[in-house]
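Structure assessment
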Amino acid sequence: MTKPRHTSADAPIRENPPTSASGERVLSAMSGGVDSSVATLLLLGQGFQVTGVTMKLFDNQLLPEGQESTCCSLDDVEDAKAVCRRLGIPHFTLNFKEKFGACVVDPFCESYLNGETPNPCINCNRYLKLAGLQQRRRELGAAYVATGHYVQRAFDEQTGTWQLLRAADAAKDQSYVLYHLTQDDLAHMLFPLGGLEKRQVRQLAAENDFVNAEKAESQDICFIPDGDYSRFIQRHMPDAARQRGFAPGPIVDETGAARGQHNGLARYTVGQRKGIGIANPVPLYVTGKDVARNQLLVAPRDGLLAQEVRLRDVNVISGDYCPRAFGATVKLSYRQQPVAAVVQLLDNREALVCLENPQVRPAPGQAVVAYNRDAVIGGGTVSA
């Protein structure tokens with residue numbers, strides 16, 4: 001076997017004090033993609049004792065006939081195994097199917113049926129890629145779990161806390177989906193790609209002859225590769241779907257006037273313009289859902305603007321959660337640029353985000369994440 005090469009693209013983990021590898025054992029979460037494969041390569045170059053692990057999340061029966069997942073497939077598992085063979089390290093497949101159903105798929109469906117627009121990738125990161133793998137790490141006596149996320153961590157000597165930081169490659173930064181991390185998580189996490197750009201990652205994969213060096217990135221929800229959420233929910237939870245979420249009802253504008261009929265609230269999301277089916281001189285957008293009355297609320301674009309957003313299930317990464325107000329920049333969605341706000345932490349892990357300028361309101365079920373420059377303060381889920 002040809003020994004893998006570590007080139008000048010290798011980058012140290014951004015942390016203070018730096019990790020002393022000294023053969024410490026790491027579980028490297030490998031999806032079969034190029035990012036997690038190169039992360040594993042870099043860990044070996046830094047002197048860690050690495051074991052590759054791939055999570056088996058679901059079987060094909062979760063998918064409609066004739067469709068294949070864009071990730072987590074048998075081919076992905078084989079790609080991860082092939083990389084591990086090339087690197088000369090062990091690889092294990094972990095059965096997380098039951099946990100995936102309970103923590104990701106079922107809550108996703110319930111959230112849609114309750115009038116929200118959830119982000120299942122956040123729950124997958126939270127409960128499987130992090131909590132689930134951290135549990136296995138403890139059971140196996142390993143020091144760290146590593147992932148291919150484009151984020152960085154650093155230790156703040158002044159506060160004595162770990163920080164989650166944006167990646168060096170702003171276009172690939174994934175800190176938004178990891179706002180739920182705790183101090184214990186960060187103390188036992190490694191993010192080898194945080195200081196690299198995507199082009200460097202592909203370069204390293206090609207130089208080491210990885211089978212997935214040119215593998216395309218997954219853009220879809222893994223268990224809904226065709227993007228048809230409503231069909232999936234009706235297949236996965238047929239009884240619940242018949243009772244709520246898919247019954248026709250009135251479309252109501254900002255004056256309270258009925259303007260037509262919707263085809264089931266679960267088929268729409270806040271901010272949607274196309275597919276409403278109403279002729280109007282000014283384009284109408286979905287501005288909300290009244291689940292109790294089964295009404296779809298629409299208005300011109302100005303009706304989407306809001307200056308306050310209320311959050312639930314709020315996490316503060318430092319662990320210092322107490323009611324208080326602070327200035328921050330916030331991301332209202334994964335791709336949006338941060339905007340200025342004042343965050344008021346409330347009791348019961350709730351928060352009120354007061355935006356400096358009105359913004360398009362994020363859909364209930366989505367995440368809002370607060371930053372202090374490059375450091376993630378925390379975040380939460382948008383309440384209805």
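Remember, it's a predicted structure, so these values are computed and weren't measured experimentally.

Another point: the overall build of the protein chain. Each helix and strand counted, the protein chain has eight helices and 17 strands in total. Relative to the 2.2 N^0.38 estimate, which gives 21 Å for 384 residues, the radius of gyration of the protein chain is 22 Å and therefore close to what a compact globule would have. Its C-alpha atoms put the protein chain at 70 × 55 × 35 Å along the principal axes. Taken across its 384 residues, the protein chain has 53% of its residues classed as buried. Within the protein chain, counting contacts between residues at least 6 apart in sequence, those at least 24 apart form 66% of the total. Roughly 17,400 Å² of accessible area belongs to the protein chain as shown, and the carbon and sulfur atoms make up 48% of that amount. One way to put it: in the protein chain the 41 positive side-chain charges average out to a point 1 Å from where the 42 negative ones average out.

Here the focus is the pairing of strand S5 (residues 151-156). S5 sits mainly inside the fold: five of its six residues count as buried. Of the pairings in the sheet, the one linking S5 to strand S6 (residues 161-166) comprises six bridges and is antiparallel in character. Bridged to Phe-155 within S6 is Trp-162. Connecting S5 to the next strand, S6, in antiparallel fashion are four residues, including Gly-160 with a positive phi near 70°.

Moving on, we get to helix H6 (residues 198-207). The set of residues buried in H6 consists of Lys-198, Gln-200, Val-201, Arg-202, Leu-204 and Ala-205. In this structure, the buried side of H6 is in contact with helix H1 (34-45).

Relative to strand S15 (residues 351-360), strand S12 (residues 305-316) runs antiparallel, the two sharing six bridges. Bridge pairing in S15 places Val-309 opposite Val-353. One ladder, built from five bridges, connects strand S14 (residues 339-345) with S15; its direction is antiparallel. Within S15, the position partnered with Val-343 by the bridge is Val-353. The antiparallel pairing of S14 with S15 creates a hairpin that spans five residues between the two strands, and Asn-348 there sits at a positive phi of about 65°.

A separate point is the sheet that holds strand S8 (residues 249-252). Two modes of strand pairing occur in sheets, parallel and antiparallel, and in both the strands are linked by backbone hydrogen bonds. The sheet built from four strands is open, its strands ordered S9-S8-S11-S10 with mixed pairing. Strands at the two margins of the open sheet, each flanked by one partner only, are strand S9 (258-262) and strand S10 (285-290). Each strand of the sheet is rotated relative to its neighbour by a mean of 30°, with strand direction disregarded. When S10 meets strand S11 (residues 295-299), the two strands line up antiparallel, connected through five bridges. By the bridge assignment, Asp-290 is partnered in S11 with Gln-295.

Here we come to the pattern of salt bridges. This model, assessed by the stated rule, comprises 17 salt bridges. Notably, a salt bridge pairs Asp-184 with Arg-138, separated by 4.0 Å at the nearest N-O pair. Taken together, the residues span a long stretch of sequence, with Asp-184 in helix H5 (residues 183-187) and Arg-138 in helix H4 (residues 120-140) at a distance of 46 residues. Residue Asp-184 is classed as partly exposed on the basis of its relative accessible area, which comes to 41%. Where Asp-290 meets Arg-293, a salt bridge forms, and the shortest distance between an N and an O atom there is 2.9 Å.

In this section: the sheet that holds strand S1 (residues 25-29). One open sheet accounts for five strands, arranged S3-S2-S1-S4-S7; its pairing is parallel. The sheet is open, and its two borders are formed by strand S3 (91-95) and strand S7 (189-190), each paired with just one other strand. Direction of pairing for strand S2 (residues 49-56) relative to S3: parallel, over a ladder of five bridges. Directly across from Met-55, in S3, lies its bridge partner Leu-94. In the packing of H1 onto the sheet, the strands contacted are S1, S2, strand S4 (144-146) and S7, and the crossing angle to S1 comes to about 165°. Where helix H2 (residues 74-87) meets the sheet, it contacts S2 and S3, and its direction lies at approximately 150° from that of S3.

Looking now at the nonpolar core. Counting 50 residues, the largest nonpolar core has Phe-100, Leu-164 and Phe-223 as the members making the most contacts within it. Secondary structure elements with two or more residues in this core: S1, S2, helix H3 (97-113), H4, S6, helix H7 (229-236), helix H8 (238-243) and strand S16 (367-372). Take this core: its biggest share by element is eight residues, from H3. Membership of the second largest hydrophobic core comes to 28 residues, among which are Val-26, Leu-43, Val-50 and Ala-213.

Basis of the calculations
Residues numbered from 1 in each chain as written. Predicted model: local features only at pLDDT ≥ 70, side-chain atom pairs only at ≥ 80, totals over all residues. Heavy atoms only, no water. Helix = DSSP H or I, 4+ residues; strand = E, 2+ residues; numbered from the N terminus. Rg over C-alpha atoms; globule rule 2.2 N^0.38 Å. Buried < 20%, exposed > 50% of the residue type's maximum accessible area, 1.4 Å probe, protein only. Contact = heavy atoms within 4.5 Å. Areas by Shrake-Rupley, 256 points an atom, 1.4 Å probe, with all protein chains shown as cover. Lys, Arg positive; Asp, Glu negative; His and termini not counted. Charge placed at Lys NZ, Arg CZ, Asp CG, Glu CD. Pairing = 2+ DSSP bridges. Axes fitted to C-alpha atoms, helices over the stretch in contact; angles between N-to-C directions. Salt bridge = Lys/Arg side-chain N within 4 Å of Asp/Glu carboxyl O. Core = buried A, V, L, I, M, F, W, Y, C linked by side-chain atoms within 4.5 Å.

By themselves, these figures tell us nothing about what the structure is for.
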